[in-house]
Amino acid sequence: MTHDPRPFGRLLTAMVTPFTTDGSLDLEGAARLAAHLVDEQRNDALVISGTTGESPTTTDAEKDALLRTVVEAVGGRARIVAGVGTNNTAHTIELAHAAEKAGAHGLLVVTPYYNKPPQAGVERHFKAVADATGLPIMVYDIPHRAGTAIATETMCRLAEHERIVAVKDAKGDLIASSWVLARTGLAYYSGDDAATLPLLAIGGTGLVGTSTHFTGALAKDMIESYERGDTTAALTLHRRAMPLFTGIFRSPGTMLVKAGLNALGLPAGPVRSPLVDAGEEELNQLRQDAAAAGIVL
């Protein structure tokens, strides 16, 4: 199956979901943050209601309101990908239908987590969602969270579906990814900021980032440098960004991103339980990591 080699552009950020001080959804803040990520951090697309967006603790109604707000704010100049993955195929399909009605341009669907289906169940899950919607799908392969890896043969069979067009690759197995890239037309986006350049080297497309709330412009320069054949510049930018590419994950990324955004006066607010807001020590460490990458927080 031949697909668009860049179905969602090169750079995406898995956007945090801003909340007000009382923990309710901050839709005005979400629109402002989305505009910042597209206009200042140069994102081609945004993922809304991914794990970084605290999807486990937002209601379906909140997800719908958030998606509609972001589509209205920036959907004319960036592609909006809705995170709809759950470990319940029927519920995932319901969320996919809602996202399509809300104006999403694509869907991010994670491997069913916790119930650990066999590969036949993984394949059936993704294909059922793809059959139920007209939107292009990015498969999210993250075994350290989901508990199940998508096997190479399974991924190749998924690629045969016309609407399964991309992978958010957080498997940490470049050999497996290389085999899939050699055998399919899937667009591979790194799900680990620091692995972006290595993935590009084996045929990857770009990044779905977390630190890119702050490193977006830098990451975009790195990707574009590699794309035009300037591997020396790409490597220099990769090494410059590494302290923040990795430092954002010293604690759960959502916690540190929100701490950094709040420090910059950008919309973020608190996290929802069971996450906890980052403390002063964590924020200071984040500032040191950012400074090492040439970014002021």
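The structure this text deals with has already been given above.
Residues numbered from 1 in each chain as written. Predicted model: local features only at pLDDT ≥ 70, side-chain atom pairs only at ≥ 80, totals over all residues. Heavy atoms only, no water.

**A look at empty space enclosed by the protein**
- Summed over the entire model, instances satisfying the criterion amount to one cavity of 30 Å³ or more.
- Surrounding the largest cavity, Asp-141, Ile-150, Thr-152, Met-155, Lys-171, Ala-176, Ser-177, Val-180 and Tyr-188 form its lining.
- Contributing elements (two or more residues each) for the lining of the largest cavity: helix 6 (152-158) and helix 7 (174-183).
- Top element by residues in the lining of the largest cavity is helix 7. It accounts for three residues.
- Grouping the constituent residues of the lining of the largest cavity by class yields five nonpolar, two polar and two charged. (1 Å grid on protein atoms, 1.4 Å probe; cavity = no way out; pocket = protein on both sides within 12 Å on 5 of 7 lines; lining within 4 Å. Points joined across faces, edges and corners; volume = space filled by probe spheres on them. Helix = DSSP H or I, 4+ residues; strand = E, 2+ residues; numbered from the N terminus. Nonpolar A, V, L, I, M, F, W, Y, C, P; charged D, E, K, R; others polar.)

**A word on the sheet that holds strand 4 (residues 106-110)**
- Taken in spatial order, the eight strands line up as 1-2-3-4-5-6-7-8 and close into a barrel, and their pairing is parallel. Neighbour-to-neighbour, the strand axes of the sheet open up by a mean angle of 25°, direction not taken into account.
- Pairing of strand 2 (residues 45-48) with strand 3 (residues 79-83), which is carried by four bridges, proceeds in the parallel orientation. Within strand 3, the position partnered with Ile-48 by the bridge is Ala-82.
- Docked against the sheet, helix 4 (residues 119-132) engages strand 4, strand 5 (137-141) and strand 6 (164-169), running at close to 160° with respect to strand 4. (Pairing = 2+ DSSP bridges. Axes fitted to C-alpha atoms, helices over the stretch in contact; angles between N-to-C directions. Contact = heavy atoms within 4.5 Å.)

**Describing the layout of surface pockets**
- Each pocket or cavity is described by its volume, and for the largest pocket that value is around 1,000 Å³.
- Forming the walls of the largest pocket are 47 residues, and the residues nearest its centre are Thr-51, Thr-52, Tyr-140, Ile-142 and Arg-145.
- Among the elements that line the lining of the largest pocket, the one with the most residues is helix 5 (residues 143-146), at three residues.
- When the residues that make up the lining of the largest pocket are grouped by side-chain class, the tally is 18 nonpolar, 19 polar and ten charged.

**Here's the deal with helix 3 (residues 89-102)**
- Over its 14 residues, helix 3 runs 20 Å from end to end, which matches the ideal 20 Å to within 8%, given 1.5 Å per residue.
- Its buried side turned inward, helix 3 meets helix 2 (60-74), strand 3, strand 4 and helix 4.
- Looking one or two residues past helix 3, Gly-103 carries a phi angle of roughly 100°, positive in sign. (Expected span 1.5 Å × (residues − 1).)

**Here's the deal with the pairing of strand 5**
- Of all the five residues making up strand 5, five are buried; the element is thus mostly covered by neighbouring parts of the structure.
- On strand 5, burial covers both faces: Ile-137, Val-139 and Asp-141 on one face and Met-138 and Tyr-140 on the other are all buried.
- Judged from the four bridges that link them, strand 4 and strand 5 form a sheet pairing that is parallel. The residue of strand 5 that forms the bridge with Leu-107 is Ile-137.
- Relative to strand 6, strand 5 runs parallel, the two sharing five bridges. Within strand 6, the residue paired with Asp-141 across the bridge is Asp-169. (Buried < 20%, exposed > 50% of the residue type's maximum accessible area, 1.4 Å probe, protein only.)

**Focus on unusual backbone geometry**
- Along the chain, Ser-273 connects to Pro-274 via a cis peptide bond; the corresponding omega equals 20°.
- Relative to the helices and strands, Pro-274 is located in the loop between helix 11 (253-264) and helix 12 (280-292).
- Positive phi, normally seen in glycine, also occurs at Arg-42, with a value near 65°.
- Within the secondary structure layout, Arg-42 lies in the loop between helix 1 (27-39) and strand 2.

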